[in-house]
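Observations on the three-dimensional arrangement
The residues making up each chain are set out below.
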Amino acid sequence: GISHLLEHMMFKGTARYGPKAFSRIVAENGGRENAMTSRDFTMYFTQLAPDRLPLALELEADRMRNLLLDPEELQREREVVKEERRSHTDDDPQGAFMEEFQGIVYAAHPYRLPTVGWMTDIAAIQRSDLLEYYRSYYAPNDAILVIVGDVSAPEILPRVRDLFGSLPPGPAPPLIRVVEPPQRGERRLIMRREVQFPSLLIAFHVPNLTQREGFALEVLRAALAAGRSARWVREFVYRRQVALEVDVHYDALSLDPGLFTLSATASPGGKVEALEVELLADLERVRAEGISELELRRAQDRLEAQTILRQDSAFAQGMLLGQYELLGGWRLRDEYVPGIRAVTAEDIRRVASRYLIPDNSTVGLLLPVTSREERQ
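Residues numbered from 1 in each chain as written. Predicted model: local features only at pLDDT ≥ 70, side-chain atom pairs only at ≥ 80, totals over all residues. Heavy atoms only, no water.

**Some points on the packing of helix 3 (residues 53-65) against helix 8 (residues 153-165)**
Between helix 3 and helix 8, the shortest axis-to-axis distance is 10 Å and the interhelical angle comes to 20°. Classified by the interaxial angle, the pair formed by helix 3 and helix 8 is roughly parallel. Seen along the crossing, helix 3 lies across helix 8 with a hand that is right-handed. Contacts between helix 3 and helix 8 pair Leu53, Leu57, Glu58, Glu60, Ala61 and Met64 from the former with Ile156, Arg159, Val160, Leu163 and Phe164 from the latter. Tallied by class, the residues present in the contact of helix 3 with helix 8 amount to 8 nonpolar, no polar and 3 charged. (Axes fitted to C-alpha atoms, helices over the stretch in contact; angles between N-to-C directions. Helix = DSSP H or I, 4+ residues; strand = E, 2+ residues; numbered from the N terminus. Parallel < 35°, antiparallel > 145°, perpendicular 65-115°, else oblique. Left-handed = near helix turned anticlockwise from the far one by under 90°. Contact = heavy atoms within 4.5 Å. Nonpolar A, V, L, I, M, F, W, Y, C, P; charged D, E, K, R; others polar.)

See below:
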């Protein structure tokens, strides 16, 4: 949770700019800003008119090395983060389920830890801990700067070099060397909480998009659950109406190998256990037969269209460039559509047979509490 708590403190002032000045200055200049912490990185973004870009760069360079970390501000933000954890995890059945599920899917890798942090850790983190962490990781040699918009690189790069090149580098950040061991049997979680309809998660360990197999997994994700015409949405949600929703998520840009996750919510009166059996039976058909040529073309067309439409958003472009640069180089972005187009039905059958198998699966069931449990 220290990465997330430090994210909050990054808006609480430097020696040059006082508490809450960052957000105020950006707003006064017609912009907006925010931040997020994921499993792999903390990202800060500012959206401003092009002529205000130098101001945004000055603010970012200043808080990269000159944060105050005021003890009173820290105590206030600690309480904010505690409440965030309560509302999004402890008191939210889906959040609590996801946290427990992640802890079972991963046996060794830090991905098993909640980004928001455990409540005991949030309470225990001291200013000295934050300061050590800040000095270790918040430095130019551990940062990626992405600028997207109506700007001239020859004009802005000298200013970037002046601002960030003058900052002292930090120590070489320690690498995460933990490798998740191969899973050798199904894992299962059953949780009962105050939910109206039961839901299901099934996760498989898979490679990311730096491996050619990743493109086949991405196409399979789209073929199964991307849009109303996708195989499982059409079959289970609309035709048979045994599920309120069905989705598939693939950690394509995860820095370390991530997950291929199936999720579904049973329809009123339906049994999520029966839905699990049917989803896994259809996945077995994919392992045996792959998908049809029509499903393949539809999925490829959809993914290419989404890639093109995403270019309309400067923010989405910047986000992708940063993620690809972290993964191995921003030019990997240009390999996405050709990689998707090169996938065959046989590729999908092969990766499904290798990775989407029972011994590599973790199954989670989130069930409503029974009347007896409610009385207890």
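**So, the nonpolar core**
Core analysis: the largest hydrophobic core is formed by 51 residues, its most contacted members being Trp232, Phe260, Ile348 and Leu356. When residues of this core are assigned to their parent elements, the largest contribution, 9 residues, is made by helix 9 (residues 213-225). Leucine 356 has contacts with Phe204, Val206, Leu220, Phe260, Leu283, Arg287 and Val351, leaving out every residue within four places of it along the chain. In this structure, Leu6, Phe22, Leu67 and Ile122 belong to the second largest nonpolar core, which totals 24 residues. (Core = buried A, V, L, I, M, F, W, Y, C linked by side-chain atoms within 4.5 Å. Buried < 20%, exposed > 50% of the residue type's maximum accessible area, 1.4 Å probe, protein only.)

**Some words on the pairing of strand 6 (residues 259-266)**
Most of strand 6 sits inside the fold, with 7 of its 8 residues counted as buried. Both strand 4 (residues 199-205) and strand 6 contribute to a ladder of 7 bridges, which runs antiparallel. Within the sheet, the bridge partner assigned to alanine 203 lies in strand 6 and is threonine 261. Pairing between strand 5 (residues 243-250) and strand 6: 7 bridges, direction antiparallel. Across the sheet, residue alanine 243 finds its bridge partner in strand 6, namely alanine 266. (Pairing = 2+ DSSP bridges.)

**Looking at helix 12 (residues 293-310)**
End to end, helix 12 covers 26 Å across 18 residues, agreeing with the expected 26 Å (1.5 Å per residue, within 8%). Taken as a whole, helix 12 has its buried residues at Glu295, Leu296, Ala299, Gln300, Leu303 and Thr307. Each buried residue of helix 12 lies within a common arc of 130° when the element is viewed along its axis, so the set occupies one face. For helix 12, the exposed residues set more than 90 degrees away from the buried face come down to Ile308 and Leu309. On the buried face of helix 12, the contacting elements are helix 9, helix 10 (231-239), helix 14 (336-341) and helix 15 (345-355). (Expected span 1.5 Å × (residues − 1). Arc of directions from axis to C-beta.)

**Details of a nonpolar patch on the surface**
Together, Ile144, Val146, Val148, Leu255 and Leu326 make up a nonpolar patch on the protein surface, roughly 330 Å² of accessible area in all. Of note, leucine 255 is situated in the loop between strand 5 and strand 6. Leucine 255 gets classed as partly exposed once you look at its relative accessible area, which sits at 33%. (Patch = residues over 30% accessible without salt bridge, like charges linked within 9 Å, V, L, I, M, F, W, Y side chains within 5 Å. Areas by Shrake-Rupley, 256 points an atom, 1.4 Å probe, with all protein chains shown as cover. Salt bridge = Lys/Arg side-chain N within 4 Å of Asp/Glu carboxyl O.)

**Regarding the environment of leucine 283**
The residue leucine 283 is located in helix 11 (residues 272-289) in this model. It is 44 Å that separates the C-alpha atoms of leucine 283 and alanine 172, two residues lying 111 residues apart in sequence.

**Concerning empty space enclosed by the protein**
Throughout the structure, instances matching the rule amount to 1 cavity of 30 Å³ or more. Volume-wise, the largest cavity comes out at about 70 Å³. Lining the largest cavity, in full, are Met10, Phe11, Lys12, Gly13, Thr14, Tyr17, Gly18, Phe22, Leu59, Asp62 and Arg63. Examining the composition of the lining of the largest cavity, we find that 3 residues originate from one element, helix 3, more than from any other. Grouping the constituent residues of the lining of the largest cavity by class yields 5 nonpolar, 3 polar and 3 charged. (1 Å grid on protein atoms, 1.4 Å probe; cavity = no way out; pocket = protein on both sides within 12 Å on 5 of 7 lines; lining within 4 Å. Points joined across faces, edges and corners; volume = space filled by probe spheres on them.)

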